[in-house]
Each structure stands twice: as structure tokens, then as C-alpha cells.
Amino acid sequence: MRRNTRRVMAGDLPIGGNAPISVQSMTNTDTRDIPTTIRQIKQLSEAGCELIRLAVVDQEAALALGKIKAQTKIPIVADIHFDHRLALAAVEQGVDKLRINPGNIGSHAKVKEVVAAARDHGIPIRIGVNSGSLAKWTVDKYGNTAKAMVESALEHVAILEALNFNDIIISLKATSVELTLESYKMIADIVDYPLHLGITEAGTPFFGAIKSAVGLGAILSLGIGDTIRVSLTSDPVEEVRVGWAILKSLGLRQRGPVFISCPTCGRTQIPLEKIAIEVEQKLSNLTKPLTVAIMGCVVNGPGEAKEADIGIAGGDGVGLVFSKGKIIRRVKEDELVDALVTEALKLEKEDD
Ligand code: SF4
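Residues numbered from 1 in each chain as written. Predicted model: local features only at pLDDT ≥ 70, side-chain atom pairs only at ≥ 80, totals over all residues.

**A word on the sheet that holds strand β11 (residues 257-261)**
Defined as follows: Here, a strand pair is defined by DSSP locating no fewer than two bridges between the strands. Helix and strand assignments follow DSSP, with helices taken as H or I runs no shorter than four residues and strands as E runs no shorter than two, numbered in order from the N terminus. The axes are straight lines fitted to the C-alpha atoms, using for helices just the contacting stretch, and the angles between their N-to-C directions are given from 0 to 180°. Once C-beta atoms have been placed from the backbone, residue pairs whose C-beta atoms lie within 7 Å are recorded as contacts.
The sheet built from five strands is open, its strands ordered β11-β12-β13-β14-β15 with mixed pairing. At either margin of the open sheet sits one strand with a lone partner, and together these are β11 and β15 (326-332). Strand-to-strand twist in this sheet, taken as the mean axis angle between neighbours without regard to direction, amounts to 20°. In this sheet, β15 lies alongside strand β14 (residues 318-323) in antiparallel orientation, the contact comprising six bridges. Along β15, the bridge assignment pairs S323 with K326. Packed onto the sheet, helix α12 (residues 336-349) meets β12 (290-295), β13 (310-314), β14 and β15 and runs at close to 170° relative to β13.

Right, dumping it as C-alpha cells:
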């Protein structure tokens, strides 16, 4: 069962309070380069990203946010370290959420200014705690532990709560899956603010995707988590694809195809790996939930994948297109991919 959390809004995107768990990412362009940043935001949005964070490194970057907002529909998060003037400028430019740690802003007067601006514009603040940059006193007292992560976050939370500001989202990201899991479990018992999940600096696409799936999967399966960001050393579009794959694998969200393909065996007589990759690429832009099977043999394939909405099974020179275990077409091997794509596109266009 999902943990019950408060709901906050980032633009028109609800986070927490049983809203669908959203997939977010961060641009890796220079925010001051507006056309390039907008191009990447569009790519991320097409891939299914629902909230996009942009680094705000100086006033020029903060002032670019308004122009970027004017050309995109997706909610924008301003990522700010330390400088409250950048936060104020970002809020004025119309961002939908701030990522800033109040304890790092400086004087109380500066914190009050940022909180007042966020309140006036109705935007939430994410407190982002990272294992690599914990408050020194927490590490001295608790070491590099979940307790230190949680206490660091609660210190920031207390600053906002003292100003009667509760539009808060919290993240507790570590590079260690175990530490991340323990931290989220601990804080979930203490506060009811929505939680943004992530394994920080997870790595390159292969290892980072696995690490993120293991870590976020474990946390999500406990009913904890309201929005996720996969961090990969890669094109951020990959982060969005991995994020969706995690949510779809757990049955928490549906979007586009879920692929089933057999591992191949001595009965396989078609180049299944090549076919599976080609089908996945050709159907990657579909948005309607669809289970697609790519099976290696006509004898076992349709039966083994009978839950699939659409599928193919290869034989010796010929293959079958099937739906829910029933054969609907018989085609030549080199026409299998096109036949499957045609049938999948028909299903995408069908009314629900
Ligand atoms: S579907 Fe056929 S080819 Fe694929 S693993 Fe099963 S028996 Fe082997």
C-alpha cells in the first residue's frame, strides 16, 4: 500500500497524496543557451518526462527561465545552490518549483525572502540531501548513516516549518543503495511530506540503470516514493526511459509498450535479438499501454506469451503474428517486423 503523503503542486503536476508517481529528469545543457535547452526539454517531454529541473548557475541562467517557460508546457524546477538571489529571480521568472536547501542559503532574512516568494507564487521547495554533502554536525554525531541523512533533512525542514511553510518535498539520495533505502524508510516514518526518490550518481547507462532499478524498486515496493529521478551518466532521455521502465515493471504506471521476448534456445531459427531491438526502437514512441511479445519459435511462442496484446513468433523462413495467444497472420520471416509494427500501430489508434 502506498504511504499517505501530503499533496503539493508543481505547476499542474500533483506530487504526493496518491497522485501517480511522476518521472522527472534534469537537463544537461547550459541553461543560458535557450534554444539548446528547449530542444532537450522537448526530447525529454516526448520520452515521458513530467517535470524537468534546470541548473541555475548565475543571473543570466535565472533570467533565461522565463523565456524557456514561455516555450514549453512541462513544469520547470530551478536547481539552486546557496545563492538566494538566484532563487528569487527564478521565482519571478515563473518556475514551478525550487530545489534549494534553506539551511545553505545563509542569514535568516534571506531564507525568509525566498520562502515568502515561494509562498506568494504558490510553488513548493524540494529539500535535497545528498550523502556526499551532509551537514558536518550530523556526520560527526552519526557517521555516514541513514540517521545523518535524515537529521540533515529534518534540519532544513524545521527552518521551513518555523516559517509556516509546508509545501515541501524531500529527497535523501546516496550512491549506496542500502544507505538510500534505509534513509527513505526512516524518514517515511517521521514526516508526511512527499518524497522524491533517487540513487545519486548511479553511473553509466548499464550499471546505473540496474542500480537505480534495484534501489528505487526496493523503496517503491514498500509504498514509499511520490516522484522519481534516475541519475545516469548519459543523455537524460535515457533517465526517463529507465524511470518509466522501473514504474512499469512494478505495475505502478502504464505508458506505451511493455516488451516480452524469449531468451532464445536451440529451437530458435530467426535472428531474434536483432528483431527484438528493431521492434523496441520502432514502437518506442507509442503511448498507449500495450504488451508486445517477440518469441523465437512458432511451437511454444504464442502459448508462452498468451497474455501479450500483440506478438510475433519466428519459424523457418516464416513466422506468425498473434494476439492474446491466437494466430492472426502468417507472414514471411523478413516481413515479421513490419507486420508486428502495423498491428501495434492499429491498436495504438483504436479507441479505448
Ligand atoms: S519461445 Fe521457443 S525459441 Fe524461445 S525460448 Fe521458448 S522454446 Fe525456445
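**Remarks on the site of the ligand**
Under the convention used in this document: We call a residue near a molecule or strand when the C-beta position, derived from backbone atoms, sits within 6 Å of it. The residue classification treats Ala, Val, Leu, Ile, Met, Phe, Trp, Tyr, Cys and Pro as nonpolar and Asp, Glu, Lys and Arg as charged. All others, Gly included, are polar.
For the ligand, the full set of nearby residues is C262, P263, T264, C265, R267, T268, M295, G296, C297, N300, G301 and E304. Of the residues contributing to the shell around the ligand, the split by class is five nonpolar, five polar and two charged.

**Structural notes on the packing of helix α1 (residues 34-46) against helix α2 (residues 59-70)**
As a reminder of what qualifies: In what follows, roughly perpendicular refers to angles from 65 to 115 degrees, roughly parallel to angles under 35, roughly antiparallel to angles over 145, and oblique to any angle outside these ranges. Take the far helix as the reference: if the near one is turned anticlockwise from it by less than a right angle, the crossing is left-handed, and if turned clockwise, right-handed.
With their axes 10 Å apart at the nearest point, α1 and α2 run at an angle of 50° to one another. Between α1 and α2, the angle falls in the class oblique. For the pair α1 and α2, the sense of crossing is right-handed. Of the residues in α2, those touching α1 at I34, T37 and I38 are A64, K67 and I68. Classifying every residue of the contact of α1 with α2 by side-chain character gives four nonpolar, one polar and one charged.

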